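Chain by chain, the residues run as shown.
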Amino acid sequence: MRQTRATRCPAPTPPPGSRGIDEILAAARARLDRLDPERAHVAYRTGALLVDIRPAAQRAAHGTVPGALAVERNVLEWRFDPRCPARLPQAVGYDLPVVILCQEGYTSSLAAAALQDLGLWRATDVVGGFAAWRIAGLPALGPTPLPPSPFPPPVTAARALP
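Counting starts from 1 at the beginning of each chain's written sequence and moves along it residue by residue. For this predicted model, a pLDDT threshold of at least 70 governs which residues receive local features, and a threshold of 80 or more governs which side-chain atom pairs are given and counted, while totals over whole chains, interfaces and linings are taken from all residues. With hydrogens and water set aside, each side-chain value is computed from the structure's full complement of heavy atoms.

J.: Before we go on, may I ask you to explain the pattern of salt bridges in this structure?
T.: In the sections that follow, a salt bridge refers to a side-chain nitrogen of Lys or Arg positioned within 4 Å of a carboxyl oxygen of Asp or Glu. Evaluated as defined, the whole model comprises 7 salt bridges. We note a salt bridge from Asp52 to Arg54, for which the minimum N-O separation is 2.6 Å. Across the pair, exposure class does not vary: Asp52 and Arg54 are buried alike. Between Glu77 and Arg73 there is a salt bridge, and its shortest N-O distance comes to 2.9 Å. For every residue, the accessible area (1.4 Å probe, protein chains only) is compared with the maximum for its type, and the residue is labelled buried under 20%, exposed over 50%, or partly exposed between those bounds. Under the relative-accessibility criterion, Glu77 is labelled buried at 19%.

J.: Is there a simple way to think about the sheet that holds strand β1 (residues 49-52) in this case?
T.: Strands belonging to one sheet form pairs held by backbone hydrogen bonds; the direction of such a pair is parallel or antiparallel. Any two strands are treated as partners once DSSP identifies two or more bridges connecting them. Working definition: helices are DSSP H or I runs of at least four residues, strands are E runs of at least two. Numbering for both runs from the N terminus. Strand order in the open sheet formed by 4 strands is β2-β1-β3-β4, and the pairing between neighbours is parallel. One side of each edge strand has no neighbouring strand; the edge strands of this open sheet are β2 (69-70) and β4 (124-125). Strand direction decides the pairing type here: β1 and strand β3 (residues 98-101), joined by 4 bridges, are parallel. Considered in β3, the bridge of Val51 is made with Ile100. Helix α6 (residues 107-118) rests against β3 and β4 of the sheet, and its axis sits at about 150° to β3. Contact definition: two residues touch when any of their heavy atoms are within 4.5 Å. Simply put, an axis is a line fit to the C-alpha atoms, just over the touching stretch for a helix, and the angle between two N-to-C directions goes from 0 to 180 degrees.

J.: Explanation requested: the pairing of β3 in the structure shown.
T.: Sheet faces and side chains relate simply in a regular strand, where the side chains alternate between the two faces. Of the two faces of β3, the one lined by Val98 and Ile100 and the one lined by Val99 and Leu101 are each fully buried. Bridge count between β3 and β4: 2 bridges; the pairing is parallel. Across the sheet, residue Ile100 finds its bridge partner in β4, namely Asp125.

J.: Mind showing me how you'd approach the nonpolar core here?
T.: The nonpolar side chains of a soluble globular protein tend to be buried with one another. What is meant by a nonpolar core is a set of buried Ala, Val, Leu, Ile, Met, Phe, Trp, Tyr and Cys residues, joined one to another through side-chain atoms within 4.5 Å. Ranked by internal contacts, the top residues of the largest apolar core, which has 19 residues, are Val51, Leu76, Phe80, Val98, Ile100 and Leu115. Counting only elements with at least two residues in this core, the list comes to β1, α5 (76-80), β3 and α6. Per-element tally for this core: the top contributor is α6, with 4 residues. Non-local contacts of Val98, meaning those with residues more than four positions away in its chain, are made with Leu49, Val51, Phe80, Leu115, Leu120, Arg122, Ala123 and Thr124. Counting residues in hydrophobic clusters, the runner-up holds 12 residues, among them Ala40, Ala43, Val99 and Leu101.

J.: Whenever I open this one, the packing of aromatic side chains confuses me. Can you help?
T.: Aromatic ring pairs are defined here through the distance separating the ring centres and the angle between the ring planes. Pairing of aromatic rings covers Phe, Tyr and Trp, the last through its six-membered ring, and needs centres within 6.5 Å; plane angles under 30 degrees mean stacked, over 60 mean edge-to-face, and all others mean tilted. Overall, the coordinates contain 0 aromatic pairs when judged by the stated rule. In this structure, Arg54 is placed above the aromatic ring of Phe130, and the distance from its NZ or CZ to the ring centre is 4.3 Å. Cation placement over rings: the criterion is NZ of Lys or CZ of Arg within 6 Å of the ring centroid and within 35° of the ring normal.

J.: Before we go on, may I ask you to explain the side chain of His41 in this structure?
T.: Mapping His41 onto the fold places it in helix α3 (residues 37-45). Looking at His41, the relative accessible area reads 18%, which means it is buried.

J.: What is the right way to look at α6 in this model?
T.: One full turn of an α-helix is made of 3.6 residues, so residues set three or four places apart face in the same direction. Across its 12 residues, α6 extends 17 Å between first and last C-alpha, which sits within 8% of the 16 Å expected from 1.5 Å per residue. For α6, the tally of buried residues reaches 9 of 12 residues, placing the bulk of the element in the interior. In this scheme, a helix's expected span is set at 1.5 Å multiplied by one less than its residue total.

What follows is the structure, given as structure tokens:
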């Protein structure tokens, strides 16, 4: 019998009251009025603050949205809590419309829920993140991913040998 990772190393029993990430993500998203990229773009164009929480390396590798405010995830709550001395000048109240953008729309849901926990009740995120934003053809700067080639890869000597 071939052993899989699960049979060799069973998952530990979770402590009582703990939740898995799938449950945490679902609970966060249940509180949000998530926006598809087009609705997020309209919200941004009509005054919402678009906040890109991706690390600098990820923004450099994939591109950015012109005018989006870059606030990395690890400092987000400090920058947006109106009670915090480390807040951004834009964090002036609790009714601030904030749209969070990450690469694929997972971390942004958790981040938007954290902002709601601070009292920013209009915080939400972009379904599919920056990847979906770019696919939708919305304004973006930086590297453009190449579409997959319709041609098979070339045969090399190493691949041709049996």
